[in-house]
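# Overview (structure and organization)
These are the residues of each chain, in order.
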Amino acid sequence: MHQIKAYSAANATAPLAVTTIPRRATTASDVRIEILFCGICHSDLHTVRDEWHSVMPTTYPCVPGHEIVGRVTQVGAAVTKFKSGDIVGVGCLVDSDHSCPNCHDHQEQFCRNATFTYNSPDKHQTAPVTYGGYSESIVVDESFVLRVPANLELAGVAPLLCAGITTYSPMRRWGDLKGKKVGVVGLGGLGHMGVKFARAFGAHVVVFTTSPGKKADALRLGAHETIISTNSEEMKQHAGSFNFILDTIAAEHDLNAYLNMLGRDGNLTLVGAPEKPLAISAFALLFGRRSLSGSLIGGIRETQEMLDFCGAHNITSDVEVLPIQKVNEAYARMVRSDVKYRFSIDMASLKSD
Ligand code: NAP
Ligand code: ZN
């Protein structure tokens, strides 16, 4: 075991600040990774502020960060997939029980014994819970480490490990989106990746946004049309016309307004995880035989498939790179929906703390 530098929150109202945390010595199947970039996901903020207390209470100190890209610095004796110097990624999962039906089906995110990258019981007992990527390095079982395509720019790759897979997976699961009318609700970290994937899959892409200032960017990112969701006239014009809608909103909102945008047998998949429950009108589902689903990140095999797809199609996240010292400022901006379109922390900045 050894000590490294990290940024942690001491409680739900404290700002993130530099601290020291333990990392385990590499076991036979482990890979040690020097972290180069770490994306800032809205889930980091929900967790740091204990906004998901009723479902997943936060244990403090909390070191968030699950959009990790780094360089392998050491591998255990039994590691076969990686060697020192490789550029790799780590997302929201660092372990699972490898034996349940979900693991067998490559859906480790639903394993009841899954270990998430932070705020999850640490089965190695290095600390009470796992600590994430706002840190110098991380030690991860090789089966949860991803290969990063060599042609992609690393600051923009980090967000693929959560925002990327979370939007890629439900669209793939829905089926062939070619020629279908697809809505992406909320143009933030997840939303802008949803737009890129839906466009790459051949859909007619429409962005629902509350921010008129994001209209031009939505089109640049790949949308064919935008709808200002607060404008009831614009909403009315598109009612009943969508095949699939991906809802990425991080806060309370009227789900029925978006369900009513779906045509017959249309599906709305929720990936946003607001703190409070959302009310659903039965009629918004009954008329049109519409369905509502949820989706959680994606399994390791599909995450690798997504990264390879991004390599082949030259897709990365549009990032604003910042030093770790600005993380609290970044959180305040994220709450105001002022992110274009993902913050990516240059982890070399941690050296100057
Ligand atoms: P983000 O970058 O903050 O983007 C969220 C976007 O939602 C904002 O940019 C804004 O877009 C819109 N929005 C925010 N508040 C709103 C409100 N009150 N009403 C309507 N629209 C609002 O967040 P993110 O990192 O993309 O994460 C989005 C959500 O997904 C979070 O709840 C996060 O925890 C969750 N998440 C889930 C998974 C999963 O596996 N299911 C994985 C990662 C994250 P406009 O400015 O365009 O309106
Ligand atoms: Zn995330």
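What counts, and at which threshold
- Residues numbered from 1 in each chain as written.
- Chains lettered and ligands numbered in written order.
- Predicted model: local features only at pLDDT ≥ 70, side-chain atom pairs only at ≥ 80, totals over all residues.
- Heavy atoms only, no water.
- Buried < 20%, exposed > 50% of the residue type's maximum accessible area, 1.4 Å probe, protein only.
- Helix = DSSP H or I, 4+ residues; strand = E, 2+ residues; numbered from the N terminus.
- Arc of directions from axis to C-beta.
- Contact = heavy atoms within 4.5 Å.
- Donors = N, O, S within 2.8 Å, 3.2 Å for Na, K, Ca; no water.
- Near = heavy atom within 4 Å.
- Polar contact = N/O pair within 3.5 Å; in protein donor to acceptor, adjacent residues only side chain to side chain.
- Areas by Shrake-Rupley, 256 points an atom, 1.4 Å probe, with all protein chains shown as cover.
- Axes fitted to C-alpha atoms, helices over the stretch in contact; angles between N-to-C directions.
- Parallel < 35°, antiparallel > 145°, perpendicular 65-115°, else oblique.
- Left-handed = near helix turned anticlockwise from the far one by under 90°.
- Nonpolar A, V, L, I, M, F, W, Y, C, P; charged D, E, K, R; others polar.
- Domains from an automatic or database assignment.
- Buried area = accessible area lost by both parts, 1.4 Å probe.
- Salt bridge = Lys/Arg side-chain N within 4 Å of Asp/Glu carboxyl O.
- Pairing = 2+ DSSP bridges.
- Phe/Tyr/Trp six-rings, centres within 6.5 Å; stacked < 30°, edge-to-face > 60°.
- Lys NZ or Arg CZ within 6 Å of the ring centre and 35° of its normal.

Those residues of helix 11 (residues 327-335) lying buried are Val-327, Ala-330, Tyr-331, Arg-333 and Met-334. For helix 11, the arc enclosing every buried residue in end-on projection is 165 degrees, short of the 170-degree limit, so these residues lie on one face. Along its buried surface, helix 11 packs onto strand 1 (2-8), strand 3 (30-40), helix 1 (42-48), strand 16 (319-323) and strand 17 (342-346). Residue Ser-337 follows helix 11 closely and has a positive phi angle near 60 degrees.

Note the cis peptide between Tyr-60 and Pro-61, where omega equals 0 degrees. Along the polypeptide, Pro-61 turns up in the loop between helix 1 and strand 4 (68-75). Of note, the amide linkage connecting Lys-340 to Tyr-341 takes the cis form, showing an omega dihedral of -15 degrees. By the element assignment, Tyr-341 lies in the loop between helix 11 and strand 17. For His-106, which is not glycine, the phi dihedral falls at a positive 60 degrees. Structurally, His-106 can be placed in the loop between helix 2 (101-104) and strand 7 (115-116). You can call His-106 partly exposed: its relative accessible area is 30%.

It is worth spelling out the coordination of the zinc ion (ligand 2) at this point. Coordination sphere of the zinc ion (ligand 2), protein contribution only: Cys-41 (SG), His-66 (NE2) and Cys-162 (SG), at 2.0 to 2.2 Å. Look at where the donors of the zinc ion (ligand 2) fall in the sequence and you get C-x24-H-x95-C. Remark: Cys-162 occurs in the loop between helix 3 (154-157) and helix 4 (163-174) and Cys-41 occurs in the loop between strand 3 and helix 1; sequence separation between them is 121 residues.

So, about the site of ligand 1. Around ligand 1 sit 30 residues, and of these His-42, Thr-209, Thr-210, Ser-211 and Arg-342 come closest. Contact distances for ligand 1 include 2.5 Å between an oxygen atom and a side-chain N or O atom of Ser-211. For ligand 1, whose unbound accessible area comes to 920 Å², protein coverage reaches 90%. Only helix 1 and helix 5 (189-200) provide two or more residues apiece to the shell around ligand 1.

Each pair of packed helices gets described by two things: the angle between the helix axes and the distance between those axes. Packing of helix 4 against helix 5 brings their axes to within 8 Å, and their N-to-C directions diverge by 45 degrees. One finds that helix 4 runs oblique with respect to helix 5. Every pair of crossing elements has a handedness; the one defined by helix 4 and helix 5 is right-handed. Contacts between helix 4 and helix 5 involve Ala-163, Gly-164, Thr-166, Thr-167, Tyr-168 and Met-171 from the former and Gly-189, Leu-190, Met-193, Gly-194, Phe-197 and Ala-198 from the latter. Taken together, the residues that form the contact of helix 4 with helix 5 break down as 7 nonpolar, 5 polar and no charged.

This paragraph deals with the domain arrangement of the chain. Domain boundaries in the chain define domain 1 (2-162 + 298-352) and domain 2 (167-294). Relative to domain 2, the C-alpha centre of domain 1 lies at a distance of 27 Å. Contact with domain 1, which involves 19 residues of that partner, is made by 20 residues of domain 2. Buried area between domain 1 and domain 2, summed over both chains or domains, comes out near 1800 Å², and the portion from carbon and sulfur atoms is 59%. Ranking the residues of domain 1 by area buried against domain 2 places Phe-309, Asp-318 and Tyr-341 at the top, with a combined share of 34%. Counting the contacts that link domain 1 with domain 2 gives 3 salt bridges. Between Asp-318 and Lys-196 there is a salt bridge, and its shortest N-O distance comes to 2.6 Å.

This brings us to the pairing of strand 3. Summarising burial for strand 3: 10 of the 11 residues are buried, a large majority. In this sheet, strand 8 (residues 137-141) lies alongside strand 3 in antiparallel orientation, the contact comprising 5 bridges. Across the sheet, Arg-32 pairs through a bridge with Val-139, a residue of strand 8. When strand 3 meets strand 4, the two strands line up antiparallel, connected through 7 bridges. Following the sheet pairing, Ile-33 is matched in strand 4 by Val-72. Two elements, strand 3 and strand 17, share 4 bridges in a ladder whose sense is antiparallel. Bridging from a neighbouring strand, Cys-38 pairs with Ile-345 of strand 17.

Overall, the coordinates contain 10 aromatic pairs when judged by the stated rule. Taken together, the ring pairs in this structure connect Tyr-168, Phe-197, Phe-201 and Phe-309 into an aromatic cluster. The lysine or arginine in question, Lys-181, covers the ring of Phe-242, its NZ or CZ lying 4.6 Å from the ring centre.

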